[in-house]
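# Topology and contacts: notes
Here is how the chains run, residue by residue.
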Amino acid sequence: MNAEPGIPPLLRTAGIPDEAPALLDPRHLAENRICGFGQMSEQLYPFFMIRSTLLAHVEATGHRTFAITSIEAGNGKTHVATNLAAVLSRVRPTILVELDLRRPTLGARLGLAGAGPGIDDYLAGEAAWSDTATRIDGVDLAVHRVRRAHPSAEQLLASPRLAHALRHIAAEAEEAICIIDTPPALIGDDLVHIARNIDGVLLVAQEGRSRKSGVREVTGALGGTPIIGSILNMSLSQPARRNEYGYPAGRGTDREMSGRTAPATGRKGT
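Anyway, here's the lowdown on the structure attached to this text. Model, not experiment: these values are computed from the prediction. (Residues numbered from 1 in each chain as written. Predicted model: local features only at pLDDT ≥ 70, side-chain atom pairs only at ≥ 80, totals over all residues. Heavy atoms only, no water.)

Below, the discussion takes up the overall build of the protein chain. Counting its regular elements, the protein chain contains 9 helices and 10 strands. Sequence-distant contacts in the protein chain: of pairs separated by 6 or more residues, those separated by 24 or more amount to 81%. Counting every atom, the protein chain has about 11900 Å² of accessible surface; 52% of that belongs to carbon and sulfur. (Helix = DSSP H or I, 4+ residues; strand = E, 2+ residues; numbered from the N terminus. Contact = heavy atoms within 4.5 Å. Areas by Shrake-Rupley, 256 points an atom, 1.4 Å probe, with all protein chains shown as cover.)

Take a look at the structure:
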């Protein structure tokens, strides 16, 4: 597929070899609650159930580009996005894209602390899309992390390069499912720039904390992009701590999920 004026194709030029896949450290993953690459466990089971529901939606609709967001900061959306992408990549080509430009954590959680360009460099026109990808050893997963935090993220998210990438990624990466870690829906209007170029949204909520009115606000922010399912991320027994946005996180951030998800119907809703 041809690129838009001034924007090169997403895939590498023929003849340019990919870099060696990255080896992830199991101990580092465990410390960051990334279980999706490991053996079957009680912690991993909910992500398998979410995977099955999402794959059924993909087969029914042909949609393959999905954002993972939350009502507020600290609901665990990066935890869900990372583990869901990991379990998807065990059975299907998967692309994990970080678009939380204000508080990026994906690289640190996966232990990808390299100095290579990030998706923020692509959005700024300073790197090719393919140069921001890190392939993960042992699975069919490409990770596009953010290299550094950007307080003025809306300037990059409004770039036509983002729309180009999200519109063309499915066409150029056949059969791949794209999972996008977004900012919390109700912090600024970052999600608005992302939502208009994706197929659907999975909404992460926290038991005892997420407001019902917040769900309505998220739906309004998405415009015509459907919420295809919801994920209840729950555990009310862990002590409060601060999340990556600097706001009180309530009881437990990025904790074990309940596995209770709404059907991926393609209709708006929770």
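Okay, back to it.
When the terminal C-alpha atoms of helix 3 (residues 77-88) are compared, their 16 Å separation across 12 residues agrees well with the 16 Å that a helix rising 1.5 Å per residue should span. Residues K77, T78, H79, V80, A81, T82, N83, L84, A85, A86, V87 and L88 constitute the buried set of helix 3. (Expected span 1.5 Å × (residues − 1). Buried < 20%, exposed > 50% of the residue type's maximum accessible area, 1.4 Å probe, protein only.)

Okay, helix 2 (residues 45-61) next. Taking 1.5 Å as the rise per residue, helix 2 with 17 residues should run 24 Å; its terminal C-alpha atoms sit 25 Å apart, in good agreement. Positive backbone phi, at 80°, marks G62, one or two positions downstream of helix 2.

Take A22: it is sitting in the segment before helix 1 (26-31). Classification of A22 as buried rests on a relative accessible area of 17%. Residues A22 and G111, spaced 89 residues apart in sequence, show a C-alpha to C-alpha distance of 9.6 Å. The contacts of A22, once residues within four sequence positions are left out, are L112, T134, R135, I136 and D137.

Taken as a whole and assessed by the stated rule, the structure comprises 1 aromatic pair. Measuring from ring centre to ring centre gives 5.3 Å for Y122 and W129, while their planes differ by 80°; the resulting arrangement is edge-to-face. The burial state of Y122 is the same as that of W129; both residues are buried. Lying over the aromatic face of Y122, R161 brings its terminal NZ or CZ to 4.5 Å of the ring centre. (Phe/Tyr/Trp six-rings, centres within 6.5 Å; stacked < 30°, edge-to-face > 60°. Lys NZ or Arg CZ within 6 Å of the ring centre and 35° of its normal.)

Located in the positive-phi region is R33, a residue other than glycine, with phi close to 60°. Structurally, R33 is set in the loop between helix 1 and helix 2.

Where helix 2 meets helix 3, the closest approach of the two axes is 9 Å, and the angle between their N-to-C directions is 70°. When the axes of helix 2 and helix 3 are compared, the pair comes out roughly perpendicular. Between helix 2, through F47, F48, I50, R51, L54 and L55, and helix 3, the contact on the second element is made entirely by H79, V80, N83, L84, V87 and L88. Residues that form the contact of helix 2 with helix 3 fall into these classes: 9 nonpolar, 2 polar and 1 charged. (Axes fitted to C-alpha atoms, helices over the stretch in contact; angles between N-to-C directions. Parallel < 35°, antiparallel > 145°, perpendicular 65-115°, else oblique. Nonpolar A, V, L, I, M, F, W, Y, C, P; charged D, E, K, R; others polar.)

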